[in-house]
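If you want the building blocks of each chain, they are given just below.
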Amino acid sequence: MGTLDTKLLIADALVQLCEEQPLKKVSISDIVERTGKNRKTFYYHFEDKNALIIWKFRYDLGLELQNRFPENILVYKKDEDPSLSSFPFYITQKSGVRSLDHSKFFDAFAIVLERNRAFYMQAFAETGPATLREYLYDLYLPALRNDITIILANRYLPEENIDFLSEFYTCAFLSYFTHKCEQPGTKHLISNAGPFSNIIHSLSLIHI
């Protein structure tokens, strides 16, 4: 069994276990017992349970993005852990000179969460510096900052204002999806966004 197959086996075991008990109660011992592997195998591939959760999300999203978009618009984070850097996490799709259309990215992001919604809802409920929620903030903050820079083009805006906008929109983007995951009556996480799912790129910054 290759490295990727082993990681997928471990990740699938975690998801299955979370259907039977709360994520916070699932131990490394539970995971390795479910896989038939041992703790040494687990720690060879993942530092801890948080690292496994992050890898699972990046794999799911990366696969979805690769299946949906041409390679030339996919965005990778090359300066991170090699086990993650091969998975795209975002797109840069220009629509005009100073406009970006990322509506299909948000749709892909929603679909990934919907496929394992109960699992990701529990993952987002975890708090701390190494959790999925905090990881995604650190991952997307520079990407959203780059989007803002593209949209502003040659217009001047002080760095502190760009920092504010980057943080504001990153928090809004992630909070929207984590909040929707937690709403039991919401069937589709982005069903009501429609043509406004790329509002962050096309409308909110246009009058700065």
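Because the structure is predicted, anything quoted here is derived from the model rather than measured.

Asker: So what about the packing of aromatic side chains? Which residues, and what values?
Answerer: Inspection of every chain in the model, using the stated rule, returns 26 aromatic pairs. Between the aromatic rings of F105 and F106, the centroid separation amounts to 5.4 Å while the plane-to-plane angle is 65 degrees, which identifies the pairing as edge-to-face. Look at F105 and you get buried, because its relative accessible area is 0%. Through a chain of ring-to-ring contacts, the aromatic side chains of F57, F89, Y90, F105, F106, F109, F119, Y120, Y140, F173, Y176 and F177 assemble into a single cluster. Above the plane of the ring of Y76 lies K78, whose end atom (NZ or CZ) is 4.5 Å from the centre.

Asker: Go over helix α1 (residues 3-18), please, and point to the residues and values.
Answerer: Spanning 16 residues, α1 covers 23 Å between terminal C-alpha atoms, matching the ideal 22 Å at 1.5 Å per step. Taken together, the buried positions of α1 are T6, K7, L8, I10, A11, A13, L14, V15, L17 and C18. Looking at the buried positions of α1, the neighbouring elements they touch are α2 (28-35), α3 (39-45), α4 (49-68), α5 (82-85) and α7 (117-125).

Reading guide: rules and limits
Just so you know, the residues in each chain are numbered from 1, in the order the chain's sequence is written. Residue-level local features of this predicted model are given only where pLDDT is at least 70; pairs of side-chain atoms are given and counted only at 80 or more, and the full residue set underlies all totals for whole chains, interfaces and linings. Excluded from the side-chain calculations are hydrogens and water; all other atoms, namely the structure's heavy atoms, are used. Any pair of Phe, Tyr and Trp rings, taking the six-membered ring for Trp, is counted once the centres come within 6.5 Å. Such a pair is stacked with planes under 30 degrees apart, edge-to-face with planes over 60 apart, and tilted for the rest. Residue burial is assigned from relative accessible area. The probe radius is 1.4 Å, only protein chains are included, and a residue is buried under 20% of its type maximum, exposed over 50%, and partly exposed in between. Our definition puts a charge over a ring when NZ of Lys or CZ of Arg is within 6 Å of the ring centre and also within 35 degrees of the ring normal. Helix and strand definitions follow DSSP, with helices as H or I runs of at least four residues and strands as E runs of at least two, each counted in order from the N terminus. Here, expected helix span is obtained from the residue count minus one, scaled by 1.5 Å. Only heavy atoms matter for contacts: two residues are in contact if any of them lie within 4.5 Å across the pair.

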